[in-house]
Amino acid sequence: MTLVIVVLVCFIIASVPACLFGLGLMAGERGELKKMTDLNESGVEVQARLLSLTPINTSGTGSVIYEFETATGTARHATGVSMGPAHVVGDLYPLVYDPQNTKRVHMGTKATVRRERRFREGSVRFAKKMALVSFVAGTLATVGLIVSPS
């Protein structure tokens, strides 16, 4: 009987962080999904010029600055990338930006925005399932612990 109680307590202990992780993941993925939905609906695809490429450390990452044209002038976007031959200063790269907020950008085409949006939808669904399953497992383990004879 003690083994049953130990297993139920382990399920309760494991379900709480799993449920909290699922809820936290869901919140973050919903924010990214909203960003991708906004970019998919009202985003403008432009060509951005790579202005600078600066290595950050020896791990192969770098900092880049892109410049692109907007309706109000030029804007810049700074981000981190993995270093490689694909990044050449002066070359043009596709970028999708939100006309209402030029800080909201996605490197890539509208097709990659749609693909990223579908991926984020799947991530939100997975986070919901994870939170729900861990909550149900914790609830059932708690009920089993209460009902089980000591």
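These notes cover the structure that comes with them. (Residues numbered from 1 in each chain as written. Predicted model: local features only at pLDDT ≥ 70, side-chain atom pairs only at ≥ 80, totals over all residues. Heavy atoms only, no water.)

## Regarding the overall build of the protein
Here is step 1: A tally of regular secondary structure across the protein gives 2 helices and 5 strands.
Here is step 2: When the helices and strands of the protein are listed from N to C terminus, the series reads α-β-β-β-β-β-α.
Here is step 3: For 150 residues, the compact-globule formula gives about 15 Å, and the C-alpha radius of gyration of the protein, at 23 Å, lies well above that figure.
Here is step 4: With the C-alpha coordinates of the protein rotated into their principal frame, the extents come out at 75 × 40 × 20 Å. (Helix = DSSP H or I, 4+ residues; strand = E, 2+ residues; numbered from the N terminus. Rg over C-alpha atoms; globule rule 2.2 N^0.38 Å.)

## Digging into the nonpolar core
Here is step 1: Of all hydrophobic cores here, the largest spans 12 residues; its members are Val-46, Ala-48, Leu-50, Val-64, Tyr-66, Phe-68, Ala-75, Val-81, Tyr-93, Leu-95, Tyr-97 and Val-105.
Here is step 2: If you list the elements that add at least two residues to this core, you get strand 1 (44-55), strand 2 (61-70), strand 3 (73-82) and strand 4 (92-98).
Here is step 3: If we ignore the near neighbours within four places in the chain, the residues touching Phe-68 are Val-46, Gln-47, Ala-48, Gly-73, Thr-74, Ala-75, Arg-76, His-77, Leu-95, Tyr-97, Thr-102 and Val-105. (Core = buried A, V, L, I, M, F, W, Y, C linked by side-chain atoms within 4.5 Å. Buried < 20%, exposed > 50% of the residue type's maximum accessible area, 1.4 Å probe, protein only. Contact = heavy atoms within 4.5 Å.)

## With respect to the packing of helix 1 (residues 2-42) against helix 2 (residues 110-147)
Here is step 1: Contact geometry for helix 1 and helix 2: axes closest at 7 Å, N-to-C directions at 160°. By the criterion of interaxial angle, the relationship of helix 1 to helix 2 is roughly antiparallel. At the point where helix 1 passes helix 2, the crossing takes the left-handed sense.
Here is step 2: For the contact of helix 1 with helix 2, the residue count by class is 23 nonpolar, 9 polar and 10 charged. (Axes fitted to C-alpha atoms, helices over the stretch in contact; angles between N-to-C directions. Parallel < 35°, antiparallel > 145°, perpendicular 65-115°, else oblique. Left-handed = near helix turned anticlockwise from the far one by under 90°. Nonpolar A, V, L, I, M, F, W, Y, C, P; charged D, E, K, R; others polar.)

## Examining the environment of Tyr-66
Here is step 1: Following the sequence through the fold, Tyr-66 ends up in strand 2.
Here is step 2: Taking the C-alpha atoms as reference, Tyr-66 lies 5.1 Å from His-77; in sequence the two are 11 residues apart.
Here is step 3: Non-local contacts of Tyr-66, meaning those with residues more than four positions away in its chain, are made with Ala-48, Arg-49, Leu-50, Leu-51, Ala-75, Arg-76, His-77, Thr-79, His-87, Tyr-93 and Met-107.

## A look at the packing of aromatic side chains
Here is step 1: All told, the structure shown has 2 aromatic pairs when counted by the stated rule.
Here is step 2: With 5.9 Å between their ring centres and 80° between their planes, Tyr-66 and Tyr-93 make a pair best called edge-to-face. In this pair, Tyr-66 is assigned in strand 2 and Tyr-93 in strand 4, connecting sequence segments 27 residues apart. Exposure class is identical for Tyr-66 and Tyr-93. Each is buried.
Here is step 3: A ring pair is formed by Phe-68 and Tyr-97, whose centres lie 5.2 Å apart and whose planes are at 40°; its orientation type is tilted. Highlighted residues: Phe-68 in strand 2 and Tyr-97 in strand 4, separated in sequence by 29 residues. (Phe/Tyr/Trp six-rings, centres within 6.5 Å; stacked < 30°, edge-to-face > 60°.)

## Some remarks on the side chain of Ser-15
Here is step 1: Within the secondary structure, Ser-15 is located in helix 1.
Here is step 2: A polar contact is formed between the side chain of Ser-15 and the backbone oxygen of Ile-12, at a distance of 3.0 Å.
Here is step 3: Look past the residues within four positions of Ser-15 in its chain and what remains in contact with it is Ser-134 and Gly-138. (Polar contact = N/O pair within 3.5 Å; in protein donor to acceptor, adjacent residues only side chain to side chain.)

## A short note on helix 2
Here is step 1: Between its first and last C-alpha atoms helix 2 spans 55 Å; for 38 residues at 1.5 Å apiece the expected length is 56 Å, and the two agree.
Here is step 2: The complete set of buried residues in helix 2 reads Lys-110, Val-113, Arg-120, Ser-123, Val-124, Ala-127, Ala-131, Ser-134, Gly-138 and Ala-141.
Here is step 3: If you follow the buried residues of helix 2, they end up packed against helix 1, strand 1, strand 4 and strand 5 (101-107). (Expected span 1.5 Å × (residues − 1).)

## Quick look at the state of the cysteines
Here is step 1: On inspection of all chains with the given rule, the structure shows 0 disulfides.
Here is step 2: Residue Cys-19 stays outside any disulfide, its sulfur separated by 18 Å from that of Cys-10, the closest cysteine. (Disulfide = S-S within 2.5 Å.)

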